Number of protein chains: 2
Amino acid sequence: MAESESAIVDLEIIVQGAQEGKKLELRLWLRMLSTTKLISQEIRRRLRNEFGATLPQFDLMAQLYREREGLRLGELSKRTMVTNGNVTGLVERLEADGLVQRVTPDGDRRVTVAKLTAKGETSFSAMAAAHEGWLRDMMADVDPAIVRELWRDIGAVKSSVSNHLSGTDFD
Amino acid sequence: MAESESAIVDLEIIVQGAQEGKKLELRLWLRMLSTTKLISQEIRRRLRNEFGATLPQFDLMAQLYREREGLRLGELSKRTMVTNGNVTGLVERLEADGLVQRVTPDGDRRVTVAKLTAKGETSFSAMAAAHEGWLRDMMADVDPAIVRELWRDIGAVKSSVSNHLSGTDFD
DNA sequence: GGACGATATTTGAAATGTCAAAGGTTTGGG
DNA sequence: CCCAAACCTTTGACATTTCAAATATCGTCC
């Protein structure tokens, strides 16, 4: 019997498992964060160079693009995961550039609805096409089956995180 | 929205399924981004509430913690993926709080080396322990095998992205 | 030894980000 | 009707972020 050999292997696995098991979540987080930063920086650079736009502006316009009726600023804030005060400034600048229009509905004067202008729609749709291509290029070396798996499993992470938030978040 | 007719829902699933193959990378990116934002916001909130610190400060201190000799600001910039100018301000504020110390070595007066103070080390090690726990909690519902898989596969994504950057990045 | 290119950090302008507090508006009891 | 609670957005103080330009120092070549 090769009992002594397999005992060593088992020990290594155990030790390794003990080391990695401890901080596995931390390591995943650090890798997710650095990868996200890397991709964000690349997209930001290209948006700037090729379209003179910023990433937060692009994100905000993306939300408005699929809600042609426009969105309240509060709703925009939730969807872009950006604070209310920040949305105010973003919409202000986009309005100054003629890409977005602000309207206060008759029914409720507390509300401001933001909506893409015709110019905004044209501008965004060009950026969106390029944006999608950039992502395909950046992930070109990753097997599509893996991409799909990642999409699913990161969904599980997001779901777990959502269920363990400290704040008063139960909407 | 209204849960009116299941026929509509089925149609949506079919249509969505056809679209999925096309924009898989885009959808992965959007999910990565939103998940990362979610986790960041949670960590930020807890760092603020429990330690009065910010996330970038924590990140910077983490780098210094494992280099007890300290790091040049340029090296800090690379490791934290933060621009040079930004590091200057971060270190300034941390120094004002007595957590970090700046030293100019004798050999080269262009250089500034940042180093944790004793107070900084104590402060960071408390935050680090909590931080690791937060991540374990947030990801508690995810199978450790999946966490491990994600860690590996996101590594593949990062690698692919690194090989398809537009900038003059070849270090 | 003085000019020049390379290196390292700082500065400045503009945008983005958080949070808390303040402004208006609407709504719902009393 | 009126006031208080709830809602939506804006404002203000600060921190972080990027980029580009400016500073300062080093090393080298002539």
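Enquirer: So, the packing of helix 6 (residues 144-162) of chain A against helix 2 (residues 24-51) of chain B: which residues are in play, and what are the values?
Expert: Packing of helix 6 of chain A against helix 2 of chain B leaves a shortest axis separation of 9 Å and a crossing angle of 25°. What the angle tells us is that helix 6 of chain A and helix 2 of chain B run roughly parallel. With respect to the hand of their crossing, helix 6 of chain A and helix 2 of chain B are arranged in left-handed fashion. For the pair formed by helix 6 of chain A and helix 2 of chain B, the contact residues are Pro144(A), Val147(A), Arg148(A), Leu150(A), Trp151(A), Arg152(A), Ile154(A), Gly155(A), Val157(A), Lys158(A), Val161(A) and Ser162(A) on the first element and Leu24(B), Glu25(B), Arg27(B), Leu28(B), Arg31(B), Met32(B), Ser34(B), Thr35(B), Leu38(B) and Ile39(B) on the second.

Enquirer: Can you break down the protein's contact with DNA strand C residue by residue, with the values?
Expert: Around DNA strand C, the surrounding shell holds 26 residues, and the nearest of these are Thr54(A), Thr83(A), Arg93(A), Arg72(B) and Gly74(B). A share of 75% is what sugar and phosphate atoms reach among the atoms of DNA strand C within 4 Å of the protein. Between DNA strand C and Asn86(A) there is a distance of 3.0 Å, counted from a sugar or linking oxygen to a side-chain nitrogen or oxygen. Side-chain polar atom of Arg110(B) to a base oxygen of DNA strand C: 3.2 Å apart, as the coordinates give it. Tallying contributions element by element places helix 5 (residues 84-96) of chain B first for the surface near DNA strand C, with 4 residues. In terms of residue class, the surface near DNA strand C is built from 6 nonpolar, 11 polar and 9 charged.

Enquirer: Tell me about the protein's contact with DNA strand D, and name the residues and values.
Expert: In the vicinity of DNA strand D lie 26 residues, with Leu73(A), Gly74(A), Thr54(B), Arg93(B) and Arg110(B) positioned nearest. Expressed as a percentage, the sugar and phosphate content of the atoms of DNA strand D within 4 Å of the protein is 80%. At 2.9 Å from a phosphate oxygen of DNA strand D is found a side-chain nitrogen or oxygen belonging to Arg72(A). Between DNA strand D and the protein, one listed contact pairs a sugar or linking oxygen with a side-chain N or O atom of Asn86(B) at 3.0 Å.

Enquirer: Break down the nonpolar core for me, citing the residues and quoting the values.
Expert: Residues Ile39(A), Ile43(A), Leu76(A), Ile39(B), Ile43(B) and Leu76(B) are the most contacted members of the largest nonpolar core, which totals 86 residues. Apart from residues lying up to four places away in sequence, Ile43(B) is in contact with Trp29(A), Leu55(B), His131(B), Trp134(B), Leu135(B) and Met138(B).

Enquirer: Break down the packing of helix 3 (residues 73-80) of chain A against helix 4 (residues 84-96) of chain A for me, citing the residues and quoting the values.
Expert: All names here are of chain A. The N-to-C vectors of helix 3 and helix 4 enclose an angle of 105°; their axes lie 9 Å apart at closest approach. If you check the angle between helix 3 and helix 4, you find them roughly perpendicular. In this structure, helix 3 contributes Leu73, Gly74, Leu76 and Ser77 to the contact, and helix 4 contributes Asn84, Val87 and Val91. Of the residues that constitute the contact of helix 3 with helix 4, the class distribution is 4 nonpolar, 3 polar and no charged.

Enquirer: Lay out the interface of chain A and chain B with the relevant residues and their values.
Expert: Listed as interface residues are 59 residues of chain A and, on the opposing side, 59 residues of chain B. Carbon and sulfur atoms supply 67% of the area that chain A and chain B bury against each other, a total of about 6,300 Å² over both sides. When residues of chain A are sorted by the area they lose upon contact with chain B, Trp29(A), Met81(A) and Trp151(A) head the list and together hold 12% of the total. At the junction of chain A and chain B, the tally comes to 1 salt bridge. Here Lys23(B) ties to Glu132(A) by a salt bridge, and the two come within 3.8 Å at their closest N and O atoms. Along the contact surface separating chain A from chain B lie 17 residue pairs in polar contact (both at pLDDT 80 or more). Mapped onto the side of chain A that touches chain B, the elements with two or more residues apiece are helix 1 (3-51), helix 5 (118-138) and helix 6 of chain A. Ranked by residues supplied to the side of chain A that touches chain B, first place goes to helix 1 of chain A with 24 residues. Each residue belonging to the side of chain A that touches chain B can be placed in one class, and the counts come to 25 nonpolar, 14 polar and 20 charged.

Enquirer: Which residues make up the sheet that holds strand 3 (residues 113-116) of chain B, and what values do they have?
Expert: All names here are of chain B. In spatial order, the strands read 1-3-2; together these 3 strands make up an open sheet with antiparallel pairing. The sheet is open, and its two edges are formed by strand 1 (71-72) and strand 2 (100-103), each paired on a single side. As defined by bridge partners, strand 2 adjoins strand 3 across 4 bridges and the pair is classed as antiparallel. Residue pairing in the sheet places Val103 in a bridge with Val113 of strand 3. Against the sheet, helix 3 (residues 55-65) touches strand 1, strand 2 and strand 3, its axis set at about 90° to strand 3. Lying over the sheet, helix 5 contacts strand 2 and strand 3, oriented at roughly 115° with respect to strand 2.

About the cut-offs
Residues numbered from 1 in each chain as written. Chains lettered and ligands numbered in written order. Predicted model: local features only at pLDDT ≥ 70, side-chain atom pairs only at ≥ 80, totals over all residues. Heavy atoms only, no water. Axes fitted to C-alpha atoms, helices over the stretch in contact; angles between N-to-C directions. Helix = DSSP H or I, 4+ residues; strand = E, 2+ residues; numbered from the N terminus. Parallel < 35°, antiparallel > 145°, perpendicular 65-115°, else oblique. Left-handed = near helix turned anticlockwise from the far one by under 90°. Contact = heavy atoms within 4.5 Å. Near = heavy atom within 4 Å. Polar contact = N/O pair within 3.5 Å; in protein donor to acceptor, adjacent residues only side chain to side chain. Nonpolar A, V, L, I, M, F, W, Y, C, P; charged D, E, K, R; others polar. Core = buried A, V, L, I, M, F, W, Y, C linked by side-chain atoms within 4.5 Å. Buried < 20%, exposed > 50% of the residue type's maximum accessible area, 1.4 Å probe, protein only. Buried area = accessible area lost by both parts, 1.4 Å probe. Salt bridge = Lys/Arg side-chain N within 4 Å of Asp/Glu carboxyl O. Pairing = 2+ DSSP bridges.

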